[in-house]
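Observations on the model geometry
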Amino acid sequence: NAFTSRGYSESKLQNDVVDELKAAGLVLDEEVLLGSGYRIDALVEFSDGRKVAVEVDGPSHFIDRRPTGSAVLKHRQVVRLDRIEVVSMPYWEWDKLKNSVMKQHYLRVKLSDGQIM
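To keep things clear, this report deals only with the structure shown in the data block. Note that this is a predicted model, so its numbers are computed, not measured.

What follows covers the overall build of the protein chain. Regarding its fold elements, the protein chain presents four helices and six strands. Its helices and strands taken in sequence order, the protein chain reads α-β-β-β-β-β-α-β-α-α from the N to the C terminus. Put simply, the protein chain has 117 residues, and 44% of those count as buried. In the protein chain, of all internal contacts separated by at least 6 residues, the share reaching a separation of at least 24 is 53%. Summed over all atoms, the accessible surface of the protein chain reaches about 7000 Å², with 50% contributed by carbon and sulfur.

Here is the structure:
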């Protein structure tokens, strides 16, 4: 299938986010190929069965800090076709975080969806 996302590359930013997700004690799989054909950076699974796709979005995913059309389409399709919530980690938000404590707090807030983790 020509649409299926086969190749991928991990960035330093993505590795940092994944490392902090793991340090926060979250259960996740990296570089997951979904049924829709999209590959996501990380899939976090919570004890209640809820799954959240984490997309580490670097500068190429934005134009003037607005998501590109392809980023918007990917997030929308993953939600609709794979029925998985997508959480974007924009590079400029991550870059402001100075230490591991701040990064893990940020991740917990972004992934909490109003629930206690």
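Moving on, we get to the nonpolar core. Formed by 20 residues in total, the largest nonpolar core has its most connected members in Val-17, Leu-21, Val-44, Val-54, Met-89 and Leu-111. Going through the elements one at a time, α1 (12-23), β2 (39-45), β3 (51-57), β6 (85-90) and α4 (100-112) are the ones with two or more residues in this core. Top element by residues in this core is α1. It accounts for four residues. Those residues in contact with Val-44 that sit more than four places away from it in its chain are Leu-21, Leu-26, Val-27, Leu-28, Arg-50, Lys-51, Val-52, Val-54 and Leu-111.

A word on helix α2 (residues 69-82). With 14 residues, α2 should reach 20 Å at 1.5 Å per residue; the first-to-last C-alpha distance of 19 Å fits that figure. On the buried face of α2, the contacting elements are β2, β3, β5 (66-67) and β6. Downstream of α2 by a residue or two, Arg-83 has a phi angle that is positive, lying close to 55°.

Look at α1 against α4: their axes get within 9 Å of each other, and the N-to-C directions meet at 80°. Classified by the interaxial angle, the pair formed by α1 and α4 is roughly perpendicular. Facing α1, whose interface residues are Asp-16, Val-17, Glu-20, Leu-21 and Ala-23, α4 presents Ser-100, Lys-103, Gln-104, Leu-107 and Leu-111. Split into classes, the residues belonging to the contact of α1 with α4 amount to five nonpolar, two polar and three charged.

The next thing to look at is unusual backbone geometry. Of note, Arg-65 is a non-glycine position whose phi angle comes to about 65°, a positive value. With respect to the helices and strands, the residue Arg-65 is situated in the loop between β4 (62-63) and β5. The backbone of Arg-83 shows a phi angle near 55°, a positive value even though the residue is not glycine. Tracing the backbone through its elements, the reader meets Arg-83 in the loop between α2 and β6. We classify Arg-83 as exposed; its relative accessible area is 72%.

What counts, and at which threshold
Residues numbered from 1 in each chain as written. Predicted model: local features only at pLDDT ≥ 70, side-chain atom pairs only at ≥ 80, totals over all residues. Heavy atoms only, no water. Helix = DSSP H or I, 4+ residues; strand = E, 2+ residues; numbered from the N terminus. Buried < 20%, exposed > 50% of the residue type's maximum accessible area, 1.4 Å probe, protein only. Contact = heavy atoms within 4.5 Å. Areas by Shrake-Rupley, 256 points an atom, 1.4 Å probe, with all protein chains shown as cover. Core = buried A, V, L, I, M, F, W, Y, C linked by side-chain atoms within 4.5 Å. Expected span 1.5 Å × (residues − 1). Axes fitted to C-alpha atoms, helices over the stretch in contact; angles between N-to-C directions. Parallel < 35°, antiparallel > 145°, perpendicular 65-115°, else oblique. Nonpolar A, V, L, I, M, F, W, Y, C, P; charged D, E, K, R; others polar.

As far as function goes, none of this settles anything; it's purely spatial.
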